[in-house]
Amino acid sequence: MPGIIAGCLLVLLPAMGLFFVADLMGGAKNLLIGNVIKSQFLNIRDWPFGAATSICLTLVMGLVLFVYYRAARLLNKKVDLE
């Protein structure tokens, strides 16, 4: 189970912030968080909203990593007790 969660994290974390891949592969037609942040900074010039979105993305990533850390620690305790 920890391997599955680690694999999901390895895919999820970079995918949340990528914006250049969608641009290179035919335009940013899909709404991704990275595309929203990039457009807020470069196109719309709404720096406060772009910064707030970046901080929210960072907090969500930190929360996901914290949940993974807690789950891995809990599973290690169960393995040690058996």
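Not measured: the values here are computed from a predicted model.

> Hey, could you go over the packing of aromatic side chains for me, with residue numbers and the actual values?
Tallied over the full model, the rule gives one aromatic pair. Measuring from centroid to centroid gives 5.5 Å for Phe-41 and Trp-47, while their planes differ by 85 degrees, and the two rings are edge-to-face.

> A description of the side chain of Ser-39 should follow, citing residues and the corresponding values.
Along the chain, the position of Ser-39 falls in helix α3 (residues 33-42). A polar side-chain atom of Ser-39 sits 3.0 Å from the main-chain carbonyl oxygen of Val-36. Ser-39 has contacts with Ile-44 and Arg-45, leaving out every residue within four places of it along the chain.

> Mind laying out a nonpolar patch on the surface, listing which residues take part and the relevant values?
Among the surface-exposed residues, Leu-63, Phe-66, Val-67 and Tyr-69 lie close enough to one another that they form a single nonpolar patch of about 430 Å² accessible area. The topology assignment puts Leu-63 in helix α4 (residues 47-81). Residue class for Leu-63 comes out exposed when judged on its relative accessible area of 53%.

Reading the values: rules and limits
Residues numbered from 1 in each chain as written. Predicted model: local features only at pLDDT ≥ 70, side-chain atom pairs only at ≥ 80, totals over all residues. Heavy atoms only, no water. Phe/Tyr/Trp six-rings, centres within 6.5 Å; stacked < 30°, edge-to-face > 60°. Helix = DSSP H or I, 4+ residues; strand = E, 2+ residues; numbered from the N terminus. Polar contact = N/O pair within 3.5 Å; in protein donor to acceptor, adjacent residues only side chain to side chain. Contact = heavy atoms within 4.5 Å. Patch = residues over 30% accessible without salt bridge, like charges linked within 9 Å, V, L, I, M, F, W, Y side chains within 5 Å. Areas by Shrake-Rupley, 256 points an atom, 1.4 Å probe, with all protein chains shown as cover. Salt bridge = Lys/Arg side-chain N within 4 Å of Asp/Glu carboxyl O. Buried < 20%, exposed > 50% of the residue type's maximum accessible area, 1.4 Å probe, protein only.

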